Amino acid sequence: MVPILEMKNIVKQFPGVLANDNVNLIVEKGSIHALMGENGAGKSTLMNILYGLYAPSSGQILFSGEEIRIASPKHAIEHGIGMVHQHFMLIPALSVIENVILGKPDNKKVLELKNDAEAFVALGARYNMKIDPYALVSDLTVGQQQRVEILKAIYRGAELLILDEPTAVLTPQEVTELFKIMNQLKEEGKTIIFISHKLKEVFAICDTITVLRLGRSQSSVPSASTNSEELAEMMVGRKCFLDVDKGPYKPGEIVLKMEHVFTKGTHGALSDISLEIKKGEILGIAGVDGNGQDALIDSITGLCKVSDGKIFIKGNDMTNSSPRDVLEQKVSHIPADRHKRGMVSTMSVKENMILISYYKKPFSSGGFLNWKYIEKNAEEIVESFNVKTPGIEEVIGKLSGGNQQKVVLGRELSRDPDFVIAAHPVRGLDIGATEYVHETLVAERDRGGAVLLVSTELDEVLTLADRIAVMYEGRIMGILDKEDYDVTRIGMMMAGQNK
Ligand SMILES: Nc1ncnc2c1ncn2[C@@H]1O[C@H](COP(=O)(O)OP(=O)(O)OP(=O)(O)O)[C@@H](O)[C@H]1O
Ligand SMILES: [Mg+2]
């Protein structure tokens, strides 16, 4: 059978970066095909070429056996290629249906939304998705936005659907839902290219796996004929330890103390939170996303108001302090949403490295920035965190998703913190970088730092945390010591039950 897609000898040269270096990719019709590889390996670039967002420097694309040229996403859509991007592209101020018909070729001067809305709802029902076509995109959860993106692509007639790291921002339950939809699409004969860093997911859903490494295609293998270790080695080029080594648990003085903390707000408001984190300890917060984890972090870092209760850091009352005063307590914060709170996309890598400390010695003195020191510091972080960038002058928005995350991590962990707040620190990171971040957090703990780890990946919390607090609807359902770790029990607590 002729494959639905053949990409041959694709080359993409960006200024200073050879992102795709003679990549070959063959995808069979009706299959789910995984594209894997380290951060910056060239996965998104290859898919952006296929979707007409970038022109390849050279190479050929065959679709159902015929050579095609894809000069724009419009062309791609006409050929039946749809894409859901790593960072979503919906317009928040418009409604769902307005987003769906945006750019449709046959739109009239006065939009008639009713027919499209009805057809869209019917299409959603076919995939068991309930969607209000008139809801504003800004009111939807990330998972809902993603479903809208997928449906939008299908609504426009996609036969081949590209999903660029769709699970990075989803809860485990949403991942299960997404996999159901993907399998249904496959049964209908549609083809899916699926990008993910998570080995488990790839083995659960994909038929074939292609690995990219340093811009080149390594190999394509049926997923049934390989295993995690082999795949990890193919991606990283060395053996990986899929486990973390930790020193003995020796908790010291209390670093963070929360006493009966309440916050107000519409969703995820905190209700009577009391907890402690000691020196030399990682406290993990487990819970389904949206159960108050954001409010918990915001209340500590001064980003939201505490309406009742007290928060102490190293014995100082920091309740309702300003974010800067909190950071001055040698607190590092790796935020959940790096685009909103972790970086400024249009600034360079080196400027992003000083967002927190620019006003302090040795980064500046007498009101002037000390560029020599700033540059040396930036070079060091790029080196030790293995950030793939042509240099520290590069605009951070041009780095691959995982490498942007590494810049934020490097900045925060190199500030010699006493207390690290890490929200989903490895979201979007490849396995090599994940290993590095986990080792770094454990090293912080081993040298006497206190770490608050918030993650929706239960596996990550179970491996790293010395104690686990489970959150549900803004409350703590219970705090477990290591000897009491039990996946089923934690799962029940995450769903609001505690016996
Ligand atoms: N618009 C651009 N301008 C300049 N360089 C770019 C641009 N887009 C990507 N690059 C570079 O090309 C390389 C490949 O990036 P790409 O986004 O394809 O990686 P990726 O495999 O998707 O990584 P990740 O897993 O982190 O998402 C990176 O080194 C990146 O810095
Ligand atoms: Mg990418």
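None of these values were measured; they are calculated from a predicted model.

Novice: Could you give an account of the overall build of the protein chain, naming the residues involved and the relevant values?
Specialist: On a plain count of helices and strands, the protein chain comes out with 17 helices and 22 strands. Over its C-alpha atoms the protein chain spans a radius of gyration of 24 Å, differing by no more than 12% from the 23 Å that the globule rule assigns to 499 residues. For the protein chain, the spread of C-alpha atoms along the three principal axes comes to 70 × 50 × 50 Å. Relative to its 499 residues, the protein chain shows a buried fraction of 44%. For the protein chain, the share of sequence-separated contacts (at least 6 apart) that also reach a separation of at least 24 residues comes to 67%.

Novice: Lay out the pairing of strand 1 (residues 5–14) with the relevant residues and their values.
Specialist: Note: strand 1 against strand 4 (residues 58–63), five bridges, orientation antiparallel. By the bridge assignment, Lys-8 is partnered in strand 4 with Gln-60. Across eight bridges, strand 1 lies against strand 2 (residues 17–27) in antiparallel orientation. Paired with Phe-14 across the two strands is Val-17, which belongs to strand 2. Here strand 1 folds back onto strand 2, and the loop between the two strands holds two residues, one of which, Gly-16, carries a positive phi near 80°.

Novice: Outline the domain arrangement of the protein chain, listing residues and values.
Specialist: Looking at the assigned domains, one finds that the protein chain contains domain 1 (5–236) and domain 2 (254–494). Taken together, the contacts link 17 residues of domain 1 with 17 residues of domain 2. Of all the secondary structure elements, the ones that give two or more residues to the side of domain 1 that touches domain 2 are helix 6 (172–187) and helix 8 (228–236). Looking at the side of domain 1 that touches domain 2, the element that brings in the most residues is helix 8, giving three residues.

Novice: How would you explain the nonpolar core if you had to name every residue and give the values?
Specialist: Of all hydrophobic cores here, the largest spans 67 residues; its most connected members are Leu-256, Ile-421, Ala-422, Leu-452, Leu-453 and Val-470. Beyond its immediate sequence surroundings of up to four residues, Leu-453 is in contact with Ile-282, Gly-284, Ile-285, Ala-422, Leu-441, Val-461, Leu-464 and Ala-465. Val-148, Ala-158, Leu-163 and Leu-185 belong to the second largest nonpolar core, which has 62 residues in total.

Novice: Kindly report on the site of ligand 1, identifying the contributing residues and their values.
Specialist: Lining the immediate surroundings of ligand 1 are 20 residues, of which Asn-39, Ser-44, Thr-45, Ser-400 and Gly-402 lie closest. Contributions of two or more residues to the shell around ligand 1 are made by strand 2, helix 1 (43–50) and helix 14 (401–413). The residue inventory of the shell around ligand 1, partitioned by class, reads five nonpolar, eleven polar and four charged. Two domains each provide a minimum of three residues to the shell around ligand 1, namely domain 1 (5–236) and domain 2 (254–494).

Conventions we followed
- Residues numbered from 1 in each chain as written.
- Chains lettered and ligands numbered in written order.
- Predicted model: local features only at pLDDT ≥ 70, side-chain atom pairs only at ≥ 80, totals over all residues.
- Helix = DSSP H or I, 4+ residues; strand = E, 2+ residues; numbered from the N terminus.
- Rg over C-alpha atoms; globule rule 2.2 N^0.38 Å.
- Buried ≥ 20, exposed ≤ 12 C-beta atoms within 10 Å, placed from the backbone.
- Contact = placed C-beta atoms within 7 Å.
- Pairing = 2+ DSSP bridges.
- Domains from an automatic or database assignment.
- Core = buried A, V, L, I, M, F, W, Y, C linked by C-beta atoms within 7 Å.
- Near = placed C-beta within 6 Å.
- Nonpolar A, V, L, I, M, F, W, Y, C, P; charged D, E, K, R; others polar.

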